[in-house]
Amino acid sequence: MATIFNNKRIILGVTGSIACYKAVDLASKLTQKGALVDVILTRSAQKFVSALAFRSVTGRPVFVDMWDEREHVQHVNLAETADLMIVAPATANTLAKLSTGIADNLLSLTAIGLRCPLVVAPAMDGGMYAHPATVANVETLQSRGIRFIGPAEGRMASGLTGKGRMVEPLDILAAVRPILGRDGLLAGRKVVVTAGPTREKIDPVRFITNRSTGKQGVALAQAALDAGADVTLILGPVPIEPPNECNVVRVTSTLDMHDATVEACTSADILLMAAAVSDFTPATKSDQKIKKTQAEEWGMAIGLERTLDILKAIQKQRKSSGFPRVVLGFAAETQDAFKYGRDKLIRKGLDFIAINDVTAPGAGFGVNTNRVTLLDADGLVAKFPLQSKSEVAEQIIIRVAEELE
Ligand code: CTP
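Being a predicted model, the structure only gives us computed values, none of them experimental.

What counts as what
- Residue numbers here run from 1 along each chain, matching the order of that chain's written sequence.
- The predicted nature of this model means local features are confined to residues of pLDDT at least 70 and side-chain atom pairs, given and counted, to a pLDDT of 80 or more, with totals for whole chains, interfaces and linings taken over all residues.
- Each side-chain value is derived from all of the structure's non-hydrogen atoms; neither hydrogens nor water enter the calculation.
- What is meant by a nonpolar core is a set of buried Ala, Val, Leu, Ile, Met, Phe, Trp, Tyr and Cys residues, joined one to another through side-chain atoms within 4.5 Å.
- Buried means the residue's accessible area, taken with a 1.4 Å probe over protein chains only, is under 20% of the maximum for its type, while exposed means over 50%, and partly exposed covers the values in between.
- Comment: elements are numbered from the N terminus, with helices defined as DSSP H or I runs of at least four residues and strands as E runs of at least two.
- Two residues form a contact once any of their heavy atoms are found within 4.5 Å.
- When at least one non-hydrogen atom of a residue lies within 4 Å of a molecule or strand, that residue is treated as near it.
- Definition of a polar contact: a pair of N or O atoms within 3.5 Å, with one able to donate and the other able to accept a hydrogen when the atoms are protein atoms, and with sequence-neighbouring residues admitted only if both atoms are side-chain atoms.
- Every accessible area reported is derived by Shrake-Rupley at a probe size of 1.4 Å, with residue values counting cover from the shown protein chains alone.
- A 1.4 Å probe that fits into a set of points on a 1 Å grid over the protein atoms alone but cannot get out defines a cavity; an open set with protein on both sides within 12 Å along at least five of seven lines defines a pocket, and lining residues are those with an atom within 4 Å of a point.
- In this description, a molecule resides in a pocket or cavity if more than half of its atoms sit within 2 Å of the grid points defining it.
- In this scheme, strands are said to pair when DSSP sees at least two bridges between them.
- Each axis is a line fitted through C-alpha atoms, taken for helices only over the stretch in contact, and angles between the N-to-C directions span 0 to 180 degrees.
- Grid points are joined across faces, edges and corners, and a volume is the space filled by probe spheres set on the points.
- Ten residues, namely Ala, Val, Leu, Ile, Met, Phe, Trp, Tyr, Cys and Pro, are considered nonpolar, four, namely Asp, Glu, Lys and Arg, are considered charged, and the remaining ones, Gly among them, are considered polar.
- The split into domains, and so the bounds of each, comes from an automatic or database assignment of domains.
- The term buried area refers to how much accessible surface (probe radius 1.4 Å) is lost by two components on association, counted for both of them together.
- By convention in these notes, a salt bridge is any Lys or Arg side-chain nitrogen within 4 Å of a carboxyl oxygen on Asp or Glu.

Colleague: Help me get a handle on the nonpolar core, residues and values and all.
Modeller: Among the nonpolar cores identified, the biggest contains 38 residues, and Leu186, Val191, Val231, Leu272, Leu328 and Ile396 are the most heavily contacted of them. Of all the secondary-structure elements, those providing two or more residues to this core are strand 9 (190-195), helix 10 (215-226), strand 12 (230-235), strand 14 (270-273), strand 17 (326-333), strand 18 (352-357) and helix 15 (389-404). With residues up to four places along the chain from it excluded, the contact list for Val231 reads Val191, Val193, Ala221, Ala224, Leu225, Cys246 and Asn247. Val14, Val37, Phe54 and Ile179 belong to the second-largest nonpolar core, a separate cluster that totals 35 residues.

This is the structure:
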């Protein structure tokens with residue numbers, strides 16, 4: 001899957017703290033996401049972890065020595081070509097160097113010549129972090145626009161508890177994503193995505209649901225993140241792993257999804273309504289498991305009533321508040337897809353509808369591909385070929401971002 005990390009040149013500066021072991025994991029995760037990770041180790045960092053560990057996970061040379069003559073002015077090369085520099089873990093000593101401009105090793109030398117954003121994830125004992133010298137250095141660096149991620153509270157190597165732990169690699173990934181996406185199509189935009197089915201309770205052990213797996217919605221959330229958006233994903237009860245960089249709201253019933261979507265949309269730029277919302281719910285829900293004999297007495301039928309139409313509620317909200325500014329719905333159809341899709345676009349007051357014929361080969365529930373036709377009120381916008389759900393998502397994001405412009 002293409003991600004915002006793809007082919008981004010990231011310098012990972014690693015300084016001497018026991019949290020160095022987490023930096024190997026961070027380098028590995030960044031590489032798996034597609035980034036080109038150039039690791040610089042300080043001399044102290046090499047006491048904790050070897051250059052080989054980093055080379056093994058990044059597949060790239062690791063830099064340790066400012067006097068290494070292999071490349072002409074190596075620090076300038078690194079600094080000028082990077083999209084981002086992360087110093088993790090950052091010791092008190094390195095924070096002091098960064099704040100005063102001392103450039104006595106390859107890491108600090110590179111940092112002083114950077115043209116890209118710099119983020120730091122401190123790691124040190126609580127007392128060191130609270131020391132007035134460190135506090136002053138942190139303030140100075142923050143005032144220059146350097147982003148701090150953490151430190152977190154918790155148990156430290158000294159056995160003491162306090163504020164000084166390096167944050168986890170996944171949290172660092174989440175924090176740097178908006179920095180990498182700052183020039184993306186949806187930079188600074190708020191996007192709400194709904195995904196997966198909803199589930200309507202019959203009794204504590206039974207429910208009504210549908211075959212949605214949430215794949216297309218999650219792909220949309222990922223594509224929106226990659227375009228630099230701030231994403232809220234409202235996800236029905238499916239065992240899919242959401243991108244960890246978005247704000248995930250787990251819901252079960254249509255009513256839950258309605259409430260979460262309405263709330264998330266109060267100031268959203270875009271709503272992408274990919275969820276397969278249950279249209280019906282049992283008229284009476286039993287608090288106890290329904291026994292066979294009872295069911296027979298009740299005539300073996302489940303009385304259903306209509307659920308709320310979430311997009312209709314959003315249409316109303318939009319009329320009064322203007323938010324969300326762009327709304328896209330999906331129409332999963334088994335026949336006359338174009339006609340039904342168009343009807344829904346008008347009926348639900350949408351800007352776009354993404355229509356898919358779920359009976360077409362390679363499209364629909366559970367598979368990784370989809371064949372989508374995109375309509376707006378003026379008619380056909382695009383008929384995409386059969387492609388991966390990620391590619392469908394990227395295409396949709398491009399069209400929706402254009403509309404927002
Ligand atoms: N949708 C919604 N609230 C519902 C049902 C559907 O917001 N209670 C949204 C879906 O998320 C989708 C769009 O409306 O974006 C179309 O959903 P679909 O199930 O295809 O249409 P329905 O409105 O249920 O119409 P029909 O039953 O006629 O197919």
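Colleague: Would you mind going over the site of the ligand in detail, with residue names and values included?
Modeller: As a matter of local geometry, the ligand sits amid 15 residues, with Met273, Ala275, Asp279, Lys344 and Lys348 nearest to it. Between the ligand and Phe330, the relevant distance is 2.9 Å, taken from an oxygen atom to a main-chain nitrogen or oxygen of the residue. Residue Lys348 places a side-chain N or O atom 2.5 Å away from an oxygen atom belonging to the ligand. Burial of the ligand by the protein chains amounts to 78% of its free accessible area of 570 Å². Of the pockets mapped on this structure, the ligand occupies the largest pocket. Residue assignment for the shell around the ligand shows that the elements contributing at least two residues are helix 13 (310-321) and strand 17. Top element by residues in the shell around the ligand is strand 17. It accounts for 4 residues.

Colleague: I'd like a description of the sheet that holds strand 12, backed by residues and values.
Modeller: The strand order 13-12-9-14-17-18-20-21 describes an open sheet built from 8 strands, whose pairing is mixed. The two strands at the open ends of the sheet, each matched to only one other strand, are strand 13 (247-250) and strand 21 (379-383). For this sheet, the mean inter-axis angle between neighbouring strands, taken without regard to orientation, is 20°. Pairing of strand 17 with strand 18, which is carried by 6 bridges, proceeds in the parallel orientation. From the neighbouring strand, Glu333 faces strand 18, where its bridge partner is Asp357.

Colleague: Could you give an account of the layout of surface pockets, with specific residues and numbers?
Modeller: Of the volumes computed, that of the largest pocket is approximately 1000 Å³. If you list the elements that add at least two residues to the lining of the largest pocket, you get helix 10, helix 13, strand 17, helix 14 (337-347) and strand 18. When residues in the lining of the largest pocket are grouped by element, the largest group, 4 residues, is from strand 17. Of the residues assigned to the lining of the largest pocket, the class counts are 17 nonpolar, 16 polar and 9 charged.

Colleague: How would you sum up the domain arrangement of the protein chain? Please name residues and give values.
Modeller: Taken domain by domain, the protein chain comprises domain 1 (9-180) and domain 2 (190-404). Of note, the centres of domain 1 and domain 2, computed from C-alpha atoms alone, are 41 Å apart. Every contact between the two is made by 5 residues of domain 1 and, on the other side, 5 residues of domain 2. Interface of domain 1 and domain 2: buried area, both sides summed, is about 470 Å²; carbon and sulfur atoms make up 42% of it. Notably, a salt bridge pairs Glu245 with Lys33, separated by 3.9 Å at the nearest N-O pair. Summed over the shared surface of domain 1 and domain 2, the number is 2 residue pairs in polar contact (both at pLDDT 80 or more). Taken together, the residues that form the side of domain 1 that touches domain 2 break down as 3 nonpolar, no polar and 2 charged.

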